[in-house]
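# Chains, contacts and geometry: an overview
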Amino acid sequence: MNRALQSLKPNSRILLVEPPFYRFFGYERWHYPITLTLVGTYLEQQGHFVRIFDADKPTPDCRSLTRLEVMDNYPQYEAALSDREHPIWEETLRVIKEFNPDVVGLTSITAKIDSANIIAAMIRRELGRDIIIMLGGAHVQGMLTMHPEYDFGDVYDFVVPRIPEIIRLRPNKKLIMQHETYSAANFSGIMTSTGCPNTCTFCCHSFEKSLVYRNINDIRMELEEIKDRYNGAAPIYIMDDCFFSNTKHFRSVSALLNELQFQFTAGSRIMALTPEKIELFAQQGGIKLLVGVESGSQRILDKVEKRLRIEEIISRTRWLNKAGIPWSAFFVVGFPFETIDDLKRTEELIQKIRPSFVSMNRFTPYPGTQIYKEYFAHKTCSSKIYSN
Ligand code: B12
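Fair warning: this is a prediction, and the values are worked out from it, not measured in the lab.

### Regarding the overall build of the chain
Within the chain one finds 14 helices and 13 strands. Relative to the 2.2 N^0.38 estimate, which gives 21 Å for 388 residues, the radius of gyration of the chain is 21 Å and therefore close to what a compact globule would have. Principal-axis analysis of the C-alpha atoms places the extent of the chain at approximately 60 × 50 × 40 Å. Considering the chain as a whole, with its 388 residues, one finds that 52% of them fall into the buried category. Across the chain, every contact between residues at least 6 apart in sequence was considered, and the portion connecting residues at least 24 apart equals 78%. Per element, the accessible surface of the chain, about 18500 Å² overall, is 50% carbon and sulfur.

What follows is the structure, given as structure tokens:
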């Protein structure tokens, strides 16, 4: 067990808090807090009393936004970071006070770290030093990979980069405050495995290299719970990094989804696609596939170690179009070594492969990745700690 977690006194009252982010700018893009639900399930099994407060749960005024609207609205998040009296911070503090925790646990991806820091500083300011505050998540993992001595600030008592094999647990959704108000669609995201055999230089996957698969009976229990308890009619979103890579696992989970009459969406590496798997996916209830193409330039694909040839992209996505399965192609633009010519090649490839949906994403250097090491690590870290 993680040594810091081992040091918690037995039967602690632990409140895990998902820092608010999308809610600040009215975006309803949201899945239940899967990371904290797994962490909470683990801590509950260690004998603690655990609850999860999802401070990012969308309110009724949140709605689906286009990418341009997200860009326009994003400054509202930045404004909230400087506004201590924002109602969302006040609500978060009120819930924490009412719960009266011994320990507060925060999770954070890089985008949310300022929000997590504000909550930690607020607890220190209002509730003193008796409460233990811990921080985990992809940002902590990345920063510590890069800078092992990195100081997250004295608002935190300790940080937890990793709890191995946690993915094998079945997330206990009842730990989430007001879980009964959540719908099947809110709980539609499930992870049946984690890990990736690839080593793309922009991906944070370096943290959890090993492939870990959940037990099929356990996956069945989670799906049945979504169906029975939460009246599951919504399609399931399989959040695995490489759902198609292990054929045996792919077959058994797809068959299970079909047996339970779920439709589903999943991601695949292009090189894991075969005509047989595509056919099986469609037969078993697959309604949409997500694939990471990243670039139409072979030079860029090689540079980011995607281990993918343009010819393979063209031939394998042809199978998808032939099978008539809707598919989204994910691209990254703005690598530090990308040229206009590379971008033109991406545009040409999109015309050629004709995905049903194109997701164009701006490159972000995440700490812990190879590309961050090469191009950004020497720059000064600028994550602010919001002091008392
Ligand atoms: C599922 C998923 C999603 C889901 C989110 C579902 C949800 N509600 O969480 C969706 C599809 C919505 C999504 C969206 C995005 N995601 Co995402 N996502 C993942 C994925 C595949 C799994 C995350 C997960 O739950 N893992 C299982 C948990 C248990 O593991 P973990 O989060 O790593 O946590 C471990 C430790 O950090 C620690 N820990 C974590 N928190 C805490 C807290 C405490 C108190 C303790 C003690 C320990 C602890 O314990 C855990 C076990 O070791 C990861 C990749 C991966 N395989 O990890 C990417 C990943 C987290 N996503 C990433 C990104 C960038 C995004 C987006 C920003 C993409 C975008 N541009 O829009 C958005 C942001 C969404 C948001 N606001 O949270 C990056 C984050 C990189 C970073 N440094 O920030 C990752 C790592 C992908 C990658 N390879 O680069 N994502």
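Don't stop here, the text continues.
### Some remarks on the sheet that holds strand E10 (residues 264-268)
With parallel pairing, 6 strands are arranged side by side in an open sheet as E6-E9-E10-E11-E12-E13. Two strands lie at the open edges of the sheet, namely strand E6 (189-190) and strand E13 (357-362), each paired on one side alone. With 5 bridges connecting them, strand E11 (residues 286-294) and strand E12 (residues 327-333) associate as parallel partners. Within the sheet, the bridge partner assigned to Gly292 lies in E12 and is Phe330.

### A word on the domain arrangement of the chain
Taken as a whole, the chain is organised into domain 1 (1-182) and domain 2 (183-388). Centre-to-centre separation of domain 1 and domain 2, based on C-alpha positions: 25 Å. For the domain 1 and domain 2 pair, buried surface summed over both sides reaches about 3500 Å², with 60% attributable to carbon and sulfur atoms. On the surface where domain 1 and domain 2 come into contact, there are 2 salt bridges. Residue Lys173 pairs with Glu222 through a salt bridge whose shortest N-O separation is 2.8 Å. Taken together, domain 1 and domain 2 are joined by 7 residue pairs in polar contact (both at pLDDT 80 or more). Residue classes in the side of domain 1 that touches domain 2 are distributed as 18 nonpolar, 11 polar and 11 charged.

### Overview of the packing of helix H12 (residues 310-323) against helix H13 (residues 340-353)
One way to put it is that H12 packs onto H13 with a least axis distance of 10 Å and a crossing angle of 30°. Taken as axis vectors, H12 and H13 run roughly parallel relative to one another. In this structure, the crossing between H12 and H13 has a hand that is right-handed. Between H12 and H13, the contacting residues are Ile310, Ile313, Ile314, Thr317 and Asn321 on the first element and Leu349, Lys352 and Ile353 on the second.

### Some details on the site of the ligand
Around the ligand lies a shell of 37 residues, among which Tyr32, Thr35, Thr107, Thr110 and Ile163 are the nearest. The contact in question runs from a nitrogen atom of the ligand to an N or O atom on the backbone of Tyr32, over 2.7 Å. One of the backbone nitrogen or oxygen atoms of Pro161 is found 3.4 Å away from an oxygen atom of the ligand. Elements with a contribution of two residues or more to the shell around the ligand: helix H2 (34-45), strand E3 (103-107), strand E4 (132-136) and helix H7 (138-146). Here the shell around the ligand takes 5 residues from H2, the largest share from any one element. By residue class, the composition of the shell around the ligand is 23 nonpolar, 10 polar and 4 charged.

### Some words on the packing of aromatic side chains
If you walk through the whole model with that rule in mind, you get 26 aromatic pairs. Taking 6.1 Å as the distance between ring centres and 80° as the angle between the ring planes, the aromatic pair formed by Tyr22 and Phe25 counts as edge-to-face. Site record: aromatic cluster; members linked through ring pairs are Phe21, Tyr22, Phe24, Phe25, Tyr27, Tyr74, Tyr77 and Trp89. Against the face of Phe262 rests Lys227, its NZ or CZ located 4.3 Å from the ring centre. Across from the ring centre of Phe357, 5.4 Å away, lies the NZ or CZ of Lys288, which sits over that ring.

### What to know about the side chain of Ser328
Residue placement: Ser328 occurs in strand E12. Residue class for Ser328 comes out buried when judged on its relative accessible area of 2%. Apart from residues no more than four positions distant in its own chain, Ser328 is found in contact with Lys288, Leu289, Leu290, Val291 and Phe357.

### Let's talk about the pattern of salt bridges
As enumerated under the stated definition, the model contains 21 salt bridges in all. The partner of Lys9 in a salt bridge is Asp102, and the shortest N-O contact between them spans 3.7 Å. Taken as a pair, Lys9 in the loop between helix H1 (3-6) and strand E1 (13-18) and Asp102 in the loop between helix H5 (87-99) and E3 lie far apart in primary sequence, 93 residues in all. The exposure class assigned to Asp102 is partly exposed, which follows from its relative accessible area of 24%. One salt bridge connects Asp218 with Arg214, and the closest N-O pair in it is separated by 3.1 Å. Asp218 gets classed as buried once you look at its relative accessible area, which sits at 14%. Accessibility expressed as a relative area gives 5% for Arg214, which makes it buried. What you see here is one network of salt bridges that share partners, running through Arg170, Lys173, Arg214, Asp218 and Glu222.

Reading the values: rules and limits
- Residues numbered from 1 in each chain as written.
- Predicted model: local features only at pLDDT ≥ 70, side-chain atom pairs only at ≥ 80, totals over all residues.
- Heavy atoms only, no water.
- Helix = DSSP H or I, 4+ residues; strand = E, 2+ residues; numbered from the N terminus.
- Rg over C-alpha atoms; globule rule 2.2 N^0.38 Å.
- Buried < 20%, exposed > 50% of the residue type's maximum accessible area, 1.4 Å probe, protein only.
- Contact = heavy atoms within 4.5 Å.
- Areas by Shrake-Rupley, 256 points an atom, 1.4 Å probe, with all protein chains shown as cover.
- Pairing = 2+ DSSP bridges.
- Domains from an automatic or database assignment.
- Buried area = accessible area lost by both parts, 1.4 Å probe.
- Salt bridge = Lys/Arg side-chain N within 4 Å of Asp/Glu carboxyl O.
- Polar contact = N/O pair within 3.5 Å; in protein donor to acceptor, adjacent residues only side chain to side chain.
- Nonpolar A, V, L, I, M, F, W, Y, C, P; charged D, E, K, R; others polar.
- Axes fitted to C-alpha atoms, helices over the stretch in contact; angles between N-to-C directions.
- Parallel < 35°, antiparallel > 145°, perpendicular 65-115°, else oblique.
- Left-handed = near helix turned anticlockwise from the far one by under 90°.
- Near = heavy atom within 4 Å.
- Phe/Tyr/Trp six-rings, centres within 6.5 Å; stacked < 30°, edge-to-face > 60°.
- Lys NZ or Arg CZ within 6 Å of the ring centre and 35° of its normal.

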